[in-house]
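# Structure at a glance
Chain by chain, the residues run as shown.
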Amino acid sequence: TFLLGLTHPDLLNHISIRRAKPHHAPIIWQMDTDDPIKAADPTPVTRKLIGRARLSLWGGADFVNDKNLQKNVVDDISLLVTVQNNDTDMSIVWDIGLQQAKGNSAVGKFLDGCIASAHKAGIQLLAGYALVDRGKDRIIMFDKWLDGLTGGKSGVSSPSPEDFADDLVAKIDGQVGTDKFDGISFDIESCGLLGGPLSVPKGQPPLPQSKIDAMRAILKRFYKRVAENLATTNRVCAITVGGMMSDDAAIKPLPSVPNVNPNAALAAKLHVYDIAKQAENIIIRPMAYDNAGGVGSDSKIPQFNSDPAQLEWHEAIVKFALGEKKLHPGQFQLGMKRFIPRDDNGTPTGQGGNVEEPARQDARATMLRKYRCGLTLFAMGKTENWGRNTALNKILNKKISGSDPLDTNVEGQPMQVPLDADQVKKLKKS
């Protein structure tokens with residue numbers, strides 16, 4: 001009952017699988033990452049893909065409950081923050097916000113309830129490891145760790161990337177009940193911003209390329225080990241990265257923005273898209289907002305507050321990932337902020353680069369459908385707009401032509417999921 005027969009000529013000998021529960025079903029990932037993308041390909045490597053394009057939400061744990069979830073719309077909710085490293089020895093601890101709100105002893109039970117609600121709705125729930133604004137000392141400790149492992153003078157040279165990854169997965173799994181998180185979502189965007197060994201004083205030379213390359217290698221080792229640990233139980237390692245047009249620049253000249261200053265924050269430079277190549281269950285999720293746009297005195301690229309410039313940038317990010325970096329679409333989801341942040345008085349806070357209008361949101365889903373990439377939305381609300389999510393899901397997974405193997409009437413495994421090689425062999429034999 002699970003096998004989906006295919007007759008499309010490019011997909012003979014391929015099989016796929018339908019899901020009953022996305023967090024339990026065996027997973028088949030029809031990919032060929034060695035297949036080069038040719039300039040003449042209008043929709044790169046589409047002939048290799050079977051299944052849905054993944055639609056995801058970033059969200060706070062308080063919003064994940066029975067009343068605020070709807071089935072058969074999104075594939076996963078990735079919690080913004082569940083754990084971090086501590087500020088002394090890189091041990092894994094609960095998010096300080098969760099501890100303060102729920103009480104340290106009650107965090108595990110609260111998260112058990114979130115997992116149960118998500119799974120009841122057929123939605124994967126990913127734990128969040130985030131270093132954004134959750135305590136300066138924790139952020140600087142992570143920077144010291146990266147610095148020490150790459151020859152710096154911070155004095156922090158342990159744990160190894162592999163040991164840290166092992167500890168992280170074990171702690172997350174060991175502090176919740178029998179029903180586990182379906183993976184881990186990472187959002188480390190604070191490197192060098194709050195002082196510490198990676199912070200460069202104004203007017204001083206930037207970090208040398210050799211240092212950046214060494215830290216990139218450490219992060220690749222770390223994420224590879226996390227993903228390998230998760231893959232044994234068919235789980236996802238999702239990594240939030242910067243919206244980039246090269247390894248070192250968020251923006252390069254575009255038709256609507258021909259004059260730009262190529263640059264990027266340190267965390268974006270360290271989280272190169274090649275990280276996805278370390279394991280088959282890694283998903284790269286670029287934040288295609290905030291680091292562009294801006295308003296008033298915070299303005300960086302004002303054109304990115306509207307189209308066509310911002311849409312050009314979003315498509316350029318996809319082309320960089322799939323074309324130059326040769327990532328497979330199944331390891332890529334564009335991150336879109338779907339609202340304009342406002343303060344308590346309703347005044348925009350000034351980040352810019354956001355996509356609030358439904359028509360512009362739909363344009364992103366249409367573009368991503370062409371490339372068979374997924375979409376992840378920032379962020380889930382206290383009363384979630386499932387009508388908007390449903391509309392985006394329909395566009396993202398819409399048939400393009402009669403020969404398109406994707407069937408919008410079949411709820412299949414998302415393309416952006418782990419590969420279970422043993423299950424592939426069993427199904428091929430059957």
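Anyway, here's the lowdown on the structure attached to this text. All residue numbers here refer to positions counted from 1 along the written sequence of the relevant chain. For this predicted model, a pLDDT threshold of at least 70 governs which residues receive local features, and a threshold of 80 or more governs which side-chain atom pairs are given and counted, while totals over whole chains, interfaces and linings are taken from all residues. The basis for the side-chain values is all heavy atoms of the structure; hydrogens and waters are excluded.

### Some points on the nonpolar core
With 102 residues, the main nonpolar core has Tyr-129, Phe-142, Leu-146, Leu-168, Phe-186, Val-226 and Tyr-273 as its most contacted residues. With nine residues, the single largest contributor to this core is helix H5 (residues 209-231). Any two residues having at least one pair of non-hydrogen atoms within 4.5 Å are treated as being in contact. Excluding its chain neighbours within four sequence positions, the residues that come into contact with Leu-168 are Val-83, Ile-92, Tyr-129, Ile-184, Phe-186, Phe-222 and Val-226. As used in this record, nonpolar core signifies buried Ala, Val, Leu, Ile, Met, Phe, Trp, Tyr and Cys residues forming a set joined through side-chain atoms within 4.5 Å. Three exposure classes are used, based on accessible area relative to the maximum for each residue type with a 1.4 Å probe and protein chains only: buried under 20%, partly exposed in between, and exposed over 50%. Each helix corresponds to a stretch of at least 4 residues labelled H or I by DSSP, and each strand to a stretch of at least 2 residues labelled E; elements are numbered beginning at the N terminus.

### Description of the packing of aromatic side chains
Working definition: rings of Phe, Tyr and Trp (its six-membered ring) pair if their centres are within 6.5 Å, and the pair is stacked with planes under 30 degrees apart, edge-to-face with planes over 60 apart, and tilted otherwise. Inspection of every chain in the model, using the stated rule, returns 15 aromatic pairs. A ring pair is formed by Phe-186 and Phe-222, whose centres lie 5.6 Å apart and whose planes are at 80 degrees; its orientation type is edge-to-face. Separated by 36 residues along the polypeptide, Phe-186 in strand E8 (residues 183-188) and Phe-222 in helix H5 bring together distant segments of the chain. Pair check on accessibility: Phe-186 and Phe-222 agree, each one buried. For the ring pair Phe-304 and Trp-313, a centre distance of 5.0 Å and an interplane angle of 20 degrees mean the geometry is stacked. As far as the burial class goes, Phe-304 and Trp-313 line up, both buried. Aromatic ring contacts, followed pair by pair, group Tyr-129, Phe-142, Trp-145, Phe-164, Phe-186, Phe-222 and Tyr-223 into a single cluster.

### Side note on the pairing of strand E11 (residues 333-337)
Of all the five residues making up E11, five are buried; the element is thus mostly covered by neighbouring parts of the structure. In E11, alternate side chains face the same way, and those of Gln-333, Gly-335 and Lys-337 on one face and Leu-334 and Met-336 on the other are all buried. DSSP-based pairing: two strands are paired if at least 2 bridges between them are found. One ladder, built from five bridges, connects E11 with strand E12 (residues 374-378); its direction is parallel. From the neighbouring strand, Lys-337 faces E12, where its bridge partner is Phe-378. A clockwise course of the path from the first strand over the helix to the second, judged with the strands pointing away from the viewer, identifies a crossover as right-handed. In this fold, the crossover linking E11 to E12 by way of helix H8 (residues 358-371) has right-handed handedness.

### Side note on the packing of helix H4 (residues 161-174) against H5
Each axis is a line fitted through C-alpha atoms, taken for helices only over the stretch in contact, and angles between the N-to-C directions span 0 to 180 degrees. Two elements in contact, H4 and H5, have axes whose closest approach is 8 Å; the angle formed by their N-to-C orientations is 40 degrees. You can see that H4 and H5 cross each other, and the crossing is right-handed. Along its contact with H4, which presents Pro-161, Glu-162, Phe-164, Ala-165, Asp-166, Leu-168 and Val-169, the element H5 presents Ile-218, Arg-221, Phe-222, Arg-225, Val-226, Asn-229 and Leu-230. Within the contact of H4 with H5, the residues separate by chemical class into nine nonpolar, one polar and four charged. Crossing handedness is read from the near helix: turned anticlockwise from the far helix by less than a right angle, it gives a left-handed crossing, and turned clockwise, a right-handed one. All amino acids are sorted into three groups, where Ala, Val, Leu, Ile, Met, Phe, Trp, Tyr, Cys and Pro are nonpolar, Asp, Glu, Lys and Arg are charged, and the leftover types, Gly among them, are polar.

### Quick word on the environment of Asp-163
In this structure, Asp-163 sits in helix H4. Linking Asp-163 and Phe-222, residues 59 residues apart in sequence, is a C-alpha distance of 8.6 Å.

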